[in-house]
Amino acid sequence: MAAQAQKANAPSRELLEKLFRTAYKIRVFESEGIKLYRQGLIRGYFHPYLGQEGIATGVCAALQEGDFIASTHRGHGHCIAWGADVKRMVAELLQKETGYCRGYGGSMHIADIRAGNLGANGIVGAGTPLGVGAALANQIKGNDAVTVTFSTDGASNNGTFLESLNLAAIWNLSYVLVVENNQYAVSTRIEESTRDVDLYKRGLAIGVESHQVDGNDSLAVYHLMQDAVEKCRRGEGPILIEAKTYRHMGHHVNDPGKYMPADTLAYYKERDPVDRARNALVEIVGLDQAEIEAIENEIKQEFEDAVEFSKASREITLAEFNEFVEAY
Amino acid sequence: MAREIMYRDALREAIDEEMERDSTVFIIGEGIAERGGSYKVTEGLLSKYGPKRVRDTPIAEAGMIGVGVGAAIAGARPIVEILYIDFAMLGMDMIVNQAAKFRLMTGGDGRVPFVMRTQGGTGGGVAAQHSQSLEALFYHIPGLKVVMPSTPADAKGLLKYALRQSDPVMFLEHKHLYMTKGLVPDGEHVIEFGKGDIKRPGKDVTLIAWSNMIPRTLEAAEKLAAEGIDAEVIDPRTLVPLDKDMILGSVAKTNRAVIVQEAVRRGGVASDIASIIQEEAFYQLDAPIEIVAGLNIPIPFNLELEKASVPQVDDIVLAVRRTLHSKPLAQAAE
Ligand SMILES: Cc1ncc(C[n+]2csc(CCOP(=O)(O)OP(=O)(O)O)c2C)c(N)n1
Ligand SMILES: [Mg+2]
């Protein structure tokens, strides 16, 4: 009896496979992307999402077409989880004309406004007001879209964090503020930046329903997010979700992250979000090794194809650039 | 047909007509809803359009400007009213780093039809943090349109256009102009950006001014007329885009230019206009270009000092006399 009830409540294969595929796709994108960076094919800033995959994965799985997201400087994962075309993402990082922003944006500005992705952002904290603004636009248009801002522990100490969430609150916007608390802003530990490291309390202080979740558990993130999205669509937003997590490496590709204590890093690596999503597929759905490998190979192949596509793509021409100069 | 109405009423007509026409136009600001705004521009809009599209905000300039930019990116047409241009400084990240750059950063896919209405300038002793003319800050940033209407008709026509185009607009009103009156054409009245207006035709010297320097420059032109000097007064109306053709055409005719700005002299728009004239019309000039501008100083509270800090009618008259008395270059070389 008990076992049967448990089975009825168990997450579907479809959901678990989706979570694993997304998390793994981000993992591949970031680890392979770093290799391209090391080869000199990618320049500029590259902030890997390694270790945090569970958050974007769980959050975006609860969203639907017509919704909006705003992202951060560490935005590749959000973009992928949102359903972006890996080809166009890689092309953007390789500054090609086929990239999402035709090579005008790069890693820190990938956006797909047509699909409701307001974009990554080079300014820490900027995604909060922009996301609230999108939620406001949707309220004014009278649709039931939900807007999510992926924010960070670092951004939570910026004034616009309070200003924006407060505006969302007084206007009852369909808005979810996801605070990815990876406990560092570059090398600065969160304990140095705030007295109370439980950032969800910031929402409680201004009357916003707020929760904390293990960000390395994509399924838990998904469930919480699904609930938040339902509430928003019923007009009961905004909602704040703090997702605790930890980076697997330094702040960006060229930061060795020596300041990260080895034991803490090991603790979080044992709770790796990609492994956990994979294990769920094996343990709950019963996928075997071959089936897992088939999924992984398919995703790796997709990335390799994207690299080939991007290498073969051309860059924007100066003549095309001139049209832009005129427009500005 | 035209009616004589105040600048603030002209602004309200523009907002009202565009809100009527386009349901995605909305306005947020401090005390703009029930109270109708500090300058009475939004009076009556709340009862007509309701609290969804006419909203009061907390005192959170960075947040409200940012939210406006986000709403514009997501396809609405927000007007954010900022009480004083001085307070817009709190939202500079959203204006400079987000709104202005979004179009380029997205490779052209993203547009930001965001309108920030605010007001600047000196006006009766409101002191250093409520009196600035900061158009040069926005003028400097590629991607922003900078609009500075001097008359009710221009205010209406330009604001209507602002709400129909797709780039971020810094719509800079002047606190001294809200109660000034002027003729506004009946019916649809829309003024495209980048088209200056000759406020007074003349043949002896070109005076270029905008915003509240227009009434002052026109007054100077009348004084000069009494001396037999026929000044042409040009109002570019939008600083970005700038109607270079109108300015250069006038200079080609008069061979003399005086630029008048209320903002501080250093790093101002006047300097840039002067550089454009010297670059493109150097051989048509018979005298050095004169710039009449504010002192390089924060605006003092004391009313006499406030007056001394920004151009007055006589400052303009003197500058014009200087350009006219300076000999044509060929003669000077003898
Ligand atoms: C306004 C602003 N200040 C500083 C920076 C430089 N900067 C880039 S990322 C970063 C740390 C951000 O930490 P957090 O917000 O927690 O995000 P995380 O990198 O941990 O994902 C800093 C200081 C910036 N990009 N923007
Ligand atoms: Mg952090």
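Residues numbered from 1 in each chain as written. Chains lettered and ligands numbered in written order. Predicted model: local features only at pLDDT ≥ 70, side-chain atom pairs only at ≥ 80, totals over all residues. Heavy atoms only, no water.

For chain B, the name recorded in an unreviewed UniProt entry is Alpha-ketoacid dehydrogenase subunit beta, with Shinella sedimenti as its organism. Its UniProt record gives chain B a comment under Cofactor (unreviewed entry), which states: "thiamine diphosphate". (UniProt positions renumbered as here; feature names shortened; annotations may be inferred.)

An unreviewed UniProt entry annotates chain A as Thiamine pyrophosphate-dependent dehydrogenase E1 component subunit alpha originating from Shinella sedimenti. Quoted verbatim from the Function (unreviewed entry) field of the UniProt record, the comment on chain A reads "The pyruvate dehydrogenase complex catalyzes the overall conversion of pyruvate to acetyl-CoA and CO(2). It contains multiple copies of three enzymatic components: pyruvate dehydrogenase (E1), dihydrolipoamide acetyltransferase (E2) and lipoamide dehydrogenase (E3)." Heading Cofactor (unreviewed entry) of the UniProt record for chain A holds this comment: "thiamine diphosphate".

A. Summary view of helix α11 (residues 313-325) of chain B. Residue and element names in this part refer to chain B. Spanning 13 residues, α11 covers 19 Å between terminal C-alpha atoms, matching the ideal 18 Å at 1.5 Å per step. Looking at α11, one finds that the buried residues are Val313, Ile316, Val317, Ala319, Val320 and Thr323. Projected onto a plane normal to the axis of α11, the buried residues spread over an arc of 165° and lie on a single side. On its buried face, α11 is in contact with β10 (205-208), α7 (213-226), β13 (257-264) and β14 (290-294). (Helix = DSSP H or I, 4+ residues; strand = E, 2+ residues; numbered from the N terminus. Expected span 1.5 Å × (residues − 1). Buried < 20%, exposed > 50% of the residue type's maximum accessible area, 1.4 Å probe, protein only. Arc of directions from axis to C-beta. Contact = heavy atoms within 4.5 Å.)

B. Fine view of the sheet that holds β13 of chain B. All names here are of chain B. As summarised here, the arrangement of the 5 strands in space is β9-β11-β10-β13-β14, forming an open sheet in which the pairing is mixed. Of all the strands in the sheet, just β9 (197-200) and β14 have a single pairing partner and so form its edges. On average, each strand axis in the sheet is tilted by 25° relative to the strand beside it, whichever way the strands run. Two strands pair when backbone bridges link them, and β9 and strand β11 (residues 231-235) are joined in this way by 3 bridges, in the antiparallel orientation. Its bridge partner being in β11, Asp197 is matched across the sheet by Asp235. Helix-sheet contacts for helix α9 (residues 269-281) involve β10, β13 and β14, and the interaxial angle to β13 is about 155°. In the packing of α11 onto the sheet, the strands contacted are β10, β13 and β14, and the crossing angle to β14 comes to about 165°. (Pairing = 2+ DSSP bridges. Axes fitted to C-alpha atoms, helices over the stretch in contact; angles between N-to-C directions.)

C. Quick peek at the UniProt feature "domain: Transketolase-like pyrimidine-binding" (unreviewed entry) in chain B. Mapped onto the present numbering, the UniProt feature "domain: Transketolase-like pyrimidine-binding" (unreviewed entry) falls at residues 5-180 of chain B. Helix makes up 36% of residues 5-180 of chain B and strand makes up 18%, while its end C-alpha atoms are separated by 8 Å.

D. Just unusual backbone geometry, in detail. Omega for the peptide link from Gly237 of chain A to Pro238 of chain A comes to -5°, which places this bond in the cis form. The topology assignment puts Pro238 of chain A in the loop between α10 (218-233) and β7 (239-244). Between Val240 of chain B and Pro241 of chain B the backbone carries a cis peptide bond, its omega angle lying at -5°. For Pro241 of chain B, the position within the fold is in the loop between β12 (238-240) and α8 (244-254). Of note in the backbone geometry, Lys40 of chain B takes a positive phi value of approximately 60° without being a glycine. Assignment of secondary structure puts Lys40 of chain B in the loop between β2 (25-29) and α2 (45-49).

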